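Understanding the architecture of this molecule
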Amino acid sequence: LLLLAAAFIVAFVLLLYMVSPLISPKPLKLPGAHVVVTGGSSGIGKCIAIECYKQGAFITLIARDENKLLQTKKEIEKYCVNDKQVVLCISVDVSKDYEQVENVLKQAQEKLGPVDMLVNCAGTSVTGKFEDIEVNSFERLMAVNYLGSVYPSRAVIATMKERRMGRIVFVSSQAGQLGLFGYTAYSPTKFALRGLAEALQMEVKPYNIYVTVAYPPDTDTPGFAEESKTKPLETKLISETSSVCQAEQVARVIVKDAIQGNFNSSVGSDGYMLSILTSGMSPVTSITEGLQQVVCMGIFRIIGLFYLGSFDSIVRRCMMQREKSESADKTE
């Protein structure tokens, strides 16, 4: 009976591996495709633009700083693979005026053709204790990190539906998979992107449009360097439990997953574990992916509990040290 059960499981797994490619979306071909990247003047956005350009895509870069955009344009053009490729730069704040965002994307499509892939990478971060963060920072982060992805997506979705093809990428964060000390303003905005992505994927999948949510870890970018200056001690100690990735590595993974039409995009072993743990009712791209989630969920939950216990210990220890220091100061 044990042998029969083992044989059945092996046969079932092999069947899943054989069937899953048949239900997976066809990969998007980047040569000649029009890729729009918001927040594309630096960091992960810039590296995603470079990666797509290397594969023959036409690029529209969107960011606020025109000087940075022009510098990035020159850098990207070094990776040209044919003389027909174009890098178009548009300076606009994607989080403020929807009509303006819609107009500039119409102009971009008139010049470079319909958008085949939109990468929503515009974002910012503020760290600090909940009571220390200015109230307007919560509003600003929600505008930039959430509405800054809603507006461009809203502007291109109708054309993608008409063409029965497209990719939309939302760059979230591992802080959009679990809430961490110091990220009370940032995490909710990144969690919101997942809710948007899940609902949108259900709407657009019949039109052969696939949504990807990327959850990059701490990544060596100018934004991360700026954020690190204001991190509370607890946040710094928790961050030390994971390594800092290079933007180029993160960009390669995101572009690959977006091309394949994968809903989740994560980097490294920690990212893989978090994606399994937080999969919930999120869509899967293949039966194989769903099977991995079912099989690994239990053991990853046990590992996750150890991580959470460690984080709680760090926070408690820092609180006790702070109180001890404050008590000593009062005594003096």
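Heads up: these notes are all about the structure in this document. (Residues numbered from 1 in each chain as written. Predicted model: local features only at pLDDT ≥ 70, side-chain atom pairs only at ≥ 80, totals over all residues. Heavy atoms only, no water.)

Section: the pairing of strand β3 (residues 87-91)
Examined bridge by bridge, strand β2 (residues 58-63) and β3 share 5 bridges and lie parallel to one another. Looking across to β3, one finds that L61 is bridged to C89. Crossover handedness for the path β2 to helix α3 (residues 66-77) to β3: right-handed. (Pairing = 2+ DSSP bridges. Helix = DSSP H or I, 4+ residues; strand = E, 2+ residues; numbered from the N terminus. Right-handed = clockwise from strand over helix to strand, strands pointing away.)

Description of the sheet that holds β3
One open sheet accounts for 7 strands, arranged β3-β2-β1-β4-β5-β6-β9; its pairing is parallel. On the outer flanks of this sheet lie β3 and β9 (264-266), each paired with one strand and no other. With strand direction ignored, the average angle separating the axes of adjacent strands in the sheet is 15 degrees. Lying over the sheet, helix α9 (residues 247-260) contacts β4 (117-120), β5 (166-171), β6 (209-215) and β9, oriented at roughly 160 degrees with respect to β9. (Axes fitted to C-alpha atoms, helices over the stretch in contact; angles between N-to-C directions. Contact = heavy atoms within 4.5 Å.)

Overview of the layout of surface pockets
Computed from the structure, the second largest pocket encloses a volume of approximately 430 Å³. In this structure, the second largest pocket is lined by 18 residues; those nearest its centre are D257, N262, N264, E289 and Q292. Secondary-structure elements contributing two or more residues to the lining of the second largest pocket are α9, β9, α10 (268-277) and α11 (287-331). At 4 residues, the largest contribution of residues to the lining of the second largest pocket is made by α10. (1 Å grid on protein atoms, 1.4 Å probe; cavity = no way out; pocket = protein on both sides within 12 Å on 5 of 7 lines; lining within 4 Å. Points joined across faces, edges and corners; volume = space filled by probe spheres on them.)

What to know about the side chain of T72
In this fold, T72 is placed in helix α3. Every residue in contact with T72, bar those within four places of it in the chain, is listed here: G40, S41, K46 and L61.

Description of the side chain of S153
In this fold, S153 is placed in helix α5 (residues 135-163). Apart from residues lying up to four places away in sequence, S153 is in contact with L118, N120, I168 and F170.

Observations concerning the packing of aromatic side chains
Tallied over the full model, the rule gives 5 aromatic pairs. With a centroid separation of 5.8 Å and an interplanar angle of 65 degrees, the aromatic rings of Y98 and Y151 are classed as edge-to-face. Highlighted residues: Y98 in helix α4 (residues 98-112) and Y151 in helix α5, separated in sequence by 53 residues. Given the relative accessible area of 18%, Y151 is considered buried. With a centroid separation of 6.0 Å and an interplanar angle of 85 degrees, the aromatic rings of Y272 and F300 are classed as edge-to-face. Taken together, the residues Y272 in helix α10 and F300 in helix α11 connect sequence positions 28 residues apart. Residue class for Y272 comes out partly exposed when judged on its relative accessible area of 33%. (Phe/Tyr/Trp six-rings, centres within 6.5 Å; stacked < 30°, edge-to-face > 60°. Buried < 20%, exposed > 50% of the residue type's maximum accessible area, 1.4 Å probe, protein only.)

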